Amino acid sequence: MDQVDAATVLGEHLINAILENASVGTVKDILKSGAPLWYQKGEEGMSPLHAAAYVQNEELVVMLIEKGAVWNAVDNFKNTAGDIALSFNNAGIYTRIRDAGIRAEMLLGILNARSDSDESMDMDAEDGALILRERDKTATGSNTAFLESKLRYTVDEHGQEICMLKVGKEEVGVMMGWEKGIMEETVKKLCDDHRNNERLKVLNVGFGLGIIDTLFQSLPHPPTQHVIIEPHSDVLRHMRDLGWYSKPGVQILEGKWQDFINADGDESPLLAGGGFDVIYTDTFSEDYSDLHRFFEHLPDLLAGPESRFSFFNGLGATNALFYDVYTHIAELHLAEVGFDIEWSDVDVTSTFEEDRWGKSREYFTLPFYRLPIAKMGMV
Ligand SMILES: C[S@@+](CC[C@H](N)C(=O)[O-])C[C@H]1O[C@@H](n2cnc3c(N)ncnc32)[C@H](O)[C@@H]1O
């Protein structure tokens, strides 16, 4: 028997034993005999962790995670072990798996940050077991490729405004009209009861369809300063066509947020005006590590303790567990830079009655959007 066959036999044995309710001790012995924790059954893609979630054995789940079970393995039906626990309403097991995900992601974030600053370290997300950050060099995963790509503004057959990007044979919505409900709720939570709501200084990163910028402009008191950062030439052309360059109080910074945030001291147009009351960011083809880097600049960018920050919370939004993990990691990272988050849920099932995706790849399939509003924590 070659090594692959042996691993298959042991892997099948391990999963079958778990499904037959073997004790934790027996499962440990099977692992000691060399059974691979990464193994997934051929037909349905079930991993040992999925099996432990199916039999709802929390002690076994904890042991498998300690031994290095892959928290984010997906079966052939696109379910993680966390999704299985959710389907049984087993909060204990779900939380164990989610927390393993948070720990793994936080650790990987630290290792990646180190490898960024130390070229001798060759840590790469692809080396990890993660699927959250699979390397994607196309315009959906690489900001450089995105900024070189062509965008198409159009209205679909249901009257939905969309900004589309072509990726190979597929089209992906960069921004779609159905997200308006999310943007409306965000502006409400950011501005309505803000102490400075008669003279807000607003920074928005990423124009897209201009939904959120139009909402900021439609406030009872439009912002006294409204800075928009946007790098894509097709978007900038669209903004020019719509007259955004001549709106009072609006300043368009042509470039990536990284270009302006990394400018030195007073030279940065972002740091010159004493900080913003409201900041929102919603970019495209950037990953969580970019968002995390943006978080680290917030203490400099915001005007004071009344200031508010929100971001488009869309990472991992095709799977409940991944979405939950990202949501928690964002909360932990914002706490590290001194912010508390309040979350609210926006029901996105009713925001657009028609087929919202049209020909676009679906990037948000969960029924609820978790809307973050961050404020400086009270010390
Ligand atoms: C999803 S859209 C924003 C939609 C917007 N919130 C709205 O309400 O219509 C993303 C925008 O971010 C821009 N973008 C992408 N990378 C960026 C970066 N590094 N810095 C600033 N903007 C970026 C894209 O060109 C695009 O216009």
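All values reported here derive from a predicted model rather than from experimental measurement.

What counts as what
Residues numbered from 1 in each chain as written. Predicted model: local features only at pLDDT ≥ 70, side-chain atom pairs only at ≥ 80, totals over all residues. Heavy atoms only, no water. Helix = DSSP H or I, 4+ residues; strand = E, 2+ residues; numbered from the N terminus. Rg over C-alpha atoms; globule rule 2.2 N^0.38 Å. Buried < 20%, exposed > 50% of the residue type's maximum accessible area, 1.4 Å probe, protein only. Contact = heavy atoms within 4.5 Å. Areas by Shrake-Rupley, 256 points an atom, 1.4 Å probe, with all protein chains shown as cover. Lys, Arg positive; Asp, Glu negative; His and termini not counted. Charge placed at Lys NZ, Arg CZ, Asp CG, Glu CD. UniProt positions renumbered as here; feature names shortened; annotations may be inferred. Near = heavy atom within 4 Å. Polar contact = N/O pair within 3.5 Å; in protein donor to acceptor, adjacent residues only side chain to side chain. pLDDT = per-residue confidence, 0-100. Expected span 1.5 Å × (residues − 1). Arc of directions from axis to C-beta. Core = buried A, V, L, I, M, F, W, Y, C linked by side-chain atoms within 4.5 Å. Pairing = 2+ DSSP bridges. Axes fitted to C-alpha atoms, helices over the stretch in contact; angles between N-to-C directions.

With that out of the way, let us pick up the overall build of the protein. The helix and strand inventory of the protein stands at 13 helices and 10 strands. Against the compact-globule benchmark of 21 Å for 379 residues, the protein has a radius of gyration of 23 Å, which places it among compact chains. Seen through its principal axes, the protein has C-alpha atoms that stretch 75 × 50 × 40 Å. For the protein, with 379 residues in total, the buried portion stands at 50%. Within the protein, contacts between residues at least 6 apart in sequence are counted, and of these 69% link residues at least 24 apart. Surface summary for the protein: the accessible area is close to 18400 Å², and the carbon and sulfur share equals 49%. Where the 33 positive side-chain charges of the protein centre and where its 63 negative ones centre are 2 Å apart.

According to UniProt, the "repeat: ANK" (unreviewed entry) feature falls on residues 44–76. Helix makes up 48% of residues 44–76 and strand 0%, with an end-to-end C-alpha separation of 5 Å.

With that settled, the discussion passes to the site of the ligand. In the vicinity of the ligand there are 24 residues, among which Asn143, Gly208, Ile212, Glu230 and Asp282 approach most closely. Interatomic distance of 3.0 Å between a backbone N/O atom of Leu209 and an oxygen atom of the ligand. Separating an oxygen atom of the ligand from a side-chain N or O atom of Glu230 is a distance of 2.6 Å. Burial of the ligand by the protein chains amounts to 99% of its free accessible area of 610 Å².

With 91% of its residues at a pLDDT of at least 70, the protein reaches an overall mean of 89. Note that residues 118–134 has pLDDT below 50 and, in this model, 32 contacts with residues that lie over four places away or in other chains.

Spacing of three or four residues puts side chains on the same side of an α-helix, whose turn is 3.6 residues. The end-to-end C-alpha distance of helix H1 (residues 3–19) is 24 Å, a good match for the 24 Å that 17 residues give at a rise of 1.5 Å each. Every buried residue of H1 is listed here: Ala7, Gly11, Leu14, Ile15, Ala17 and Ile18. Across the axial projection of H1, the buried residues extend over an arc of 160°, all falling on one side. Buried residues along H1 sit against helix H2 (24–32), helix H3 (48–54) and helix H4 (58–66). Positive backbone phi, at 65°, marks Asn21, one or two positions downstream of H1.

Attention shifts here to the nonpolar core. In terms of nonpolar packing, the biggest core is built from 63 residues, with Leu64, Leu270 and Phe309 touching the most fellow members. Considering each element in turn, this core owes the most residues, seven residues, to helix H13 (residues 320–336). Core analysis: the next-biggest nonpolar cluster, separate from the first, contains 48 residues, Leu215, Phe216, Leu236 and Val278 among them.

With that out of the way, let us pick up the sheet that holds strand E4 (residues 201–205). Taking strand neighbours across the sheet as the criterion, the seven strands line up as E6-E5-E4-E7-E8-E10-E9 in an open arrangement whose pairing is mixed. This sheet does not close on itself; its edge strands, each paired only once, are strand E6 (250–254) and strand E9 (339–347). Neighbour-to-neighbour, the strand axes of the sheet open up by a mean angle of 15°, direction not taken into account. In the packing of helix H8 (residues 180–191) onto the sheet, the strands contacted are strand E7 (278–281), strand E8 (308–311), E9 and strand E10 (368–376), and the crossing angle to E10 comes to about 20°.

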